[in-house]
Amino acid sequence: MERKTLITSTRNLAQLFATLEVKEASPQYSLDLAWPNSHNISVSIKRDDLLHPIISGNKWRKLKYSLAQILGSRTLHIVSFGGGFSNHLHALGFCCHRLNIRFTAIVRGDYSANPSPMLHDLQMWQTDIQYVNKITYQQRESPAYLTLLHQQYPNALIIPEGGSNKLALQGVAEIISELDQHYDYIIAPVASGGTLAGLIKATAHSATHILGIAALKGQGYLEEHVQALLPQTYQHWGICHDYHFGGYAKRSNELVDFCNDFYHQTRIEIEPIYSGKLMYAVKDLINRNYFNKGSRLLILHTGGLQGSRAIGQRASIL
Ligand SMILES: *Cc1c(COP(=O)(O)O)cnc(C)c1O
């Protein structure tokens, strides 16, 4: 039985890669940034943003095994949750469209009169979009609400916000197995916590420290979310809450300028919701001697450039 499942999922994974044309692995290389105080620190980047032109990098890592699982099931229907600019809904909408999976997106807030670019894409991909108010959206993890959804959508696979379920950890772990050298720190942005949890679990037996940069206001809450996805407690991780710039999708002109400067210096696009905060944090932490001399850092570029289309950010970067 187990063997059969394994064969099925290998076949499903092959089908996924062939249909979606996702790269098997992402490149990594060292950056020469000449930032203040950076001369004794080695900084590398792993470009998960290059895995696919539409599917945001870490969302692919997180969704891969859920998609492989559903391809082997009889009912091809996924239900998930997100905001009006969600990279997760965008990635899932594209995947479901290409894989002929029915997709119901439960969206926080009523955008029907004025859909975002993300929602326009979902419409184009035949997503069944259900707008709910904030009170309903808040129940997205409550067992009673999930039971109701299961009755409404029998046999559908319900994937939590951000794609952060236990299967996500398996996909994220592949980031670690792709590395060809040791890093003292791996640094990634945090929102729903699945990416960080996957990195933590996959480095449990190494000397690597996992540092999360909070993209939203959530001291305590974000740590709990990450912990809830982990099979046990670990000591080699933490989340820094000093760089959320006031909260999710909040930004300052300083951050926008930083994203533009970073692009001109490196030709790597970043945006002010996740990767911009991440890079800004790393630069500032280096400047403040947070890392020991000689440390080797790996920054994970999680993608997410579609999410900044509506705020006109992308045009100024390009
Ligand atoms: C969703 C997302 C994150 C946050 O990842 P979580 O696993 O939800 O913590 C980081 N970066 C980008 C670009 C994202 O789209």
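Owing to the predicted nature of the structure, the values given are computational and were not obtained by experimental measurement.

(A) Here's a closer look at helix H9 (residues 221-229). Turning to H9, its buried residues number three or more, namely Leu222, Val226 and Leu229. Around the axis of H9, the buried residues are gathered within 65 degrees of arc, so they sit on the same side. Seen from the buried face of H9, the exposed residues on the opposite side, beyond 90 degrees, are Glu224 and Ala228. Contacts from the buried residues of H9 go to helix H7 (166-177), strand E7 (185-190), helix H8 (194-202), strand E8 (209-214) and strand E9 (237-240).

(B) How the structure looks around the layout of surface pockets. If you add up the space inside the largest pocket, you get close to 970 Å³. Lining the largest pocket we find 44 residues, and of these Gly83, Glu161, Leu216, Tyr248 and Tyr274 sit closest to its centre. Among the secondary structure elements, those contributing two or more residues to the lining of the largest pocket are helix H2 (57-71), strand E3 (77-82), helix H3 (87-99), helix H5 (134-137), E7, H8 and H9. Among the residues forming the lining of the largest pocket, the class breakdown is 17 nonpolar, 20 polar and seven charged. Counting contributing residues, the lining of the largest pocket receives three or more from each of domain 1 (18-54 + 165-317) and domain 2 (59-163). Quantified by volume, the second largest pocket comes out at close to 260 Å³. Along the walls of the second largest pocket sit 17 residues, with His52, Pro53, Ile54, Leu305 and Gln306 positioned nearest its centre.

(C) Fine view of the site of the ligand. Contacts to the ligand come from 17 residues, most closely from Lys59, Lys62, Ser192, Thr195 and Thr302. Gly193 places a main-chain nitrogen or oxygen 2.8 Å from an oxygen atom of the ligand. In this structure, Thr195 approaches the ligand through a side-chain N or O atom, which is 2.7 Å from an oxygen atom. In isolation the ligand has 380 Å² of accessible area, and contact with the protein removes 98% of it. When each cavity is represented as a set of grid points, the ligand is found to reside in the largest pocket. Where the shell around the ligand is concerned, the elements lending two or more residues are H2, E7 and H8. Here the shell around the ligand gets three residues from one element, more than from any other, and that element is H2. Residue composition of the shell around the ligand, grouped by class: four nonpolar, 11 polar and two charged. Counting contributing residues, the shell around the ligand receives three or more from each of domain 1 (18-54 + 165-317) and domain 2 (59-163).

(D) Region of the structure containing the pattern of salt bridges. A complete count under the given rule lists seven salt bridges for this structure. Put simply, Asp284 and Arg288 hold a salt bridge, and the shortest N to O gap is 3.0 Å. We classify Asp284 as partly exposed; its relative accessible area is 24%. On the basis of relative accessibility, which here comes to 48%, the residue Arg288 falls in the partly exposed class. Overlapping salt bridges, with partners in common, bring together Lys46, Asp48, Arg61 and Glu178 in one network.

(E) Seen up close, the sheet that holds strand E2 (residues 42-47). Read from one edge of the open sheet, six strands run E1-E2-E10-E7-E8-E9, paired in mixed fashion. At either margin of the open sheet sits one strand with a lone partner, and together these are strand E1 (28-31) and E9. The sheet shows a mean angle of 25 degrees between the axes of neighbouring strands, taken without regard to direction. Pairing analysis gives three bridges linking E7 to strand E10 (residues 296-301), with the strands arranged parallel.

(F) Representation of the sheet that holds strand E6 (residues 157-159). Taken in spatial order, the four strands make up an open sheet running E5-E4-E3-E6, and their pairing is parallel. Each edge of the open sheet is held by one strand with a lone partner, namely strand E5 (128-132) and E6. Looking at each pair of strands side by side, their axes are set apart by 20 degrees on average, direction ignored. Examined bridge by bridge, E3 and strand E4 (residues 102-108) share six bridges and lie parallel to one another. Bridging across to E4, Phe81 finds its partner in Ile106.

(G) Fine view of the nonpolar core. Core analysis: the largest hydrophobic core is formed by 32 residues, its most contacted members being Leu16, Leu20, Trp60, Leu67, Ile78 and Leu122. Broken down by secondary-structure element, the contributors of at least two residues to this core are helix H1 (2-20), H2, H3, E4 and helix H4 (117-124). Split by domain, the residues of this core number at least three in each of domain 1 (18-54 + 165-317) and domain 2 (59-163). If you look at the next biggest cluster of nonpolar residues, it comprises 28 residues, including Trp35, Ile41, Leu278 and Ala281.

The rules behind each value
Residues numbered from 1 in each chain as written. Predicted model: local features only at pLDDT ≥ 70, side-chain atom pairs only at ≥ 80, totals over all residues. Heavy atoms only, no water. Buried < 20%, exposed > 50% of the residue type's maximum accessible area, 1.4 Å probe, protein only. Helix = DSSP H or I, 4+ residues; strand = E, 2+ residues; numbered from the N terminus. Arc of directions from axis to C-beta. Contact = heavy atoms within 4.5 Å. 1 Å grid on protein atoms, 1.4 Å probe; cavity = no way out; pocket = protein on both sides within 12 Å on 5 of 7 lines; lining within 4 Å. Points joined across faces, edges and corners; volume = space filled by probe spheres on them. Nonpolar A, V, L, I, M, F, W, Y, C, P; charged D, E, K, R; others polar. Domains from an automatic or database assignment. Near = heavy atom within 4 Å. Polar contact = N/O pair within 3.5 Å; in protein donor to acceptor, adjacent residues only side chain to side chain. Areas by Shrake-Rupley, 256 points an atom, 1.4 Å probe, with all protein chains shown as cover. Sits in = over half its atoms within 2 Å of the grid points. Salt bridge = Lys/Arg side-chain N within 4 Å of Asp/Glu carboxyl O. Pairing = 2+ DSSP bridges. Axes fitted to C-alpha atoms, helices over the stretch in contact; angles between N-to-C directions. Core = buried A, V, L, I, M, F, W, Y, C linked by side-chain atoms within 4.5 Å.

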